[in-house]
Amino acid sequence: MFYYQVTCQHVDVDDKGKAKKITERYLVKAVSCTDAEAITTQTWGTNVSDFEVKEVKKSRVIDVYESPNS
């Protein structure tokens, strides 16, 4: 498995009712670019409006260490 950086865009409505495009990046552990896109779409794509995966690229991150206290 590898880590992939997935760049997504969706529309968010602020407190004043104004629609705004939001771009976010996620680090996804997957076996391929296609798998990373599918995981991201399945996880986030159904919860927000106008969700779109803009880019998927292999990350240079090789591992993620978590604090034992988390």
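This text goes with the structure placed above it.
These numbers were taken from a predicted model, which means no experiment stands behind them. (Residues numbered from 1 in each chain as written. Predicted model: local features only at pLDDT ≥ 70, side-chain atom pairs only at ≥ 80, totals over all residues. Heavy atoms only, no water.)

Novice: I tried to follow the sheet that holds strand E3 (residues 49-58) on my own but got confused; where do I start?
Specialist: Paired through backbone hydrogen bonds, the strands of a sheet run either parallel or antiparallel to each other. The strand order across the open sheet formed by 3 strands is E2-E1-E3, and the pairing between neighbours is antiparallel. If you trace the sheet from one side to the other, it starts and ends with strand E2 (19-30) and E3, each paired once. Going across the sheet, the axis of each strand differs from the next one's by a mean of 20°, ignoring polarity. Relative to E3, strand E1 (residues 2-13) runs antiparallel, the two being bridged by 7 bridges. Bridge pairing in E3 places Val 6 opposite Val 56. (Pairing = 2+ DSSP bridges. Helix = DSSP H or I, 4+ residues; strand = E, 2+ residues; numbered from the N terminus. Axes fitted to C-alpha atoms, helices over the stretch in contact; angles between N-to-C directions.)

Novice: Please explain the packing of aromatic side chains as it appears in this structure.
Specialist: The geometry of an aromatic ring pair is captured by two quantities: the separation of the ring centres and the angle between the planes. As enumerated under the stated definition, the model contains 1 aromatic pair in all. Measuring from centroid to centroid gives 5.3 Å for Tyr 26 and Trp 44, while their planes differ by 15°, and the two rings are stacked. Residue Tyr 26 is found in strand E2, and its partner Trp 44 is found in helix H1 (residues 33-45); the two are separated by 18 residues along the sequence. Between Lys 58 and the ring centre of Phe 2, over which it is positioned, the NZ or CZ distance is 3.7 Å. (Phe/Tyr/Trp six-rings, centres within 6.5 Å; stacked < 30°, edge-to-face > 60°. Lys NZ or Arg CZ within 6 Å of the ring centre and 35° of its normal.)

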